[in-house]
Amino acid sequence: MSLPWRFLSVDDYVKGTIEKLQSGSPQFTHLNIGKYYLHGSELGTPHKASLFRHTQGNHNITELSLCGVMVDDEEAFSGLVELLGTRTWKKVSFNCCSGQGIKALASSSSTSVVFIEILRIHTCQMEFDDFVALGENLQGNTLLTQLEIQEEDMTGSNPQSLAAGLEVCTSLRVLEFSYCRFDTEGVETLARGLSRNQSLESLLLPGCELEDEQITQII
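The rules behind each value
Residues numbered from 1 in each chain as written. Predicted model: local features only at pLDDT ≥ 70, side-chain atom pairs only at ≥ 80, totals over all residues. Heavy atoms only, no water. Helix = DSSP H or I, 4+ residues; strand = E, 2+ residues; numbered from the N terminus. Buried < 20%, exposed > 50% of the residue type's maximum accessible area, 1.4 Å probe, protein only. Contact = heavy atoms within 4.5 Å. Salt bridge = Lys/Arg side-chain N within 4 Å of Asp/Glu carboxyl O.

(A) Quick look at the side chain of S93. Counting through the fold element by element, S93 comes out in strand β4 (residues 89-95). Its relative accessible area of 13% is what places S93 among the buried residues. Leaving out residues up to four positions away in the same chain, S93 has contacts with L64, S65, L66 and R120.

Set out below in structure tokens:
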């Protein structure tokens, strides 16, 4: 079951969510943080940091969804880094978030990796450094079985680190690129990474508008 439900104000939202987190109810396993629950209102830095901090103490939460949540400020970013490093995650979703959130995947510490079974990244306007962080997570995250990337720019040198991670990720079973933008270099880079991956069972490319020869190259 997910939490929270909708609230009328940001303060009520944060207060109600924290109360549910502190209750320790085992029925709540999925924490959603985003504008959808606030009728479009913005979460301030103290709100985000407080939610991340209080979630750390509730180990029933194994799924985390961030929707429209920016973590570009140091306090919120540090809170997310600490939270991600507290447990093994069944699912983590970044939807319309800043790339800084994705960087948190590779920042939990210098010696550990954020372990996630299902990772979804949707419309986060990823840049090169974000792909580097994602690639680093793929190289150490031995539990990842499904990776979904939607509406991101897979052109130029962006996917290099991702491809390097795909080469050595032995747990990945399902890989999906939905409505992503590819160019010749991006296709070639991805193809090199996939050619060395021995675990992948399903590759999905809906809406990517690839030419037949590009699909053949990837396969």
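Next comes the rest of the write-up.
(B) Representation of the pattern of salt bridges within the structure. A full pass over the atoms with the stated rule returns 5 salt bridges. Here R120 and E148 are joined by a salt bridge, their closest N and O atoms 3.6 Å apart. In this pair, R120 is assigned in strand β5 (residues 116-122) and E148 in strand β6 (residues 146-150), connecting sequence segments 28 residues apart. Notably, a salt bridge pairs R173 with E201, separated by 3.7 Å at the nearest N-O pair.

(C) The arrangement of the environment of E148 in detail. Since its relative accessible area comes to 11%, E148 is described here as buried. In the structure, E148 is positioned 18 residues away from D130 in sequence and 15 Å away in space, judged by C-alpha atoms. Not counting residues up to four positions away in its chain, the partners in contact with E148 are L119, R120, I121, H122 and E176.

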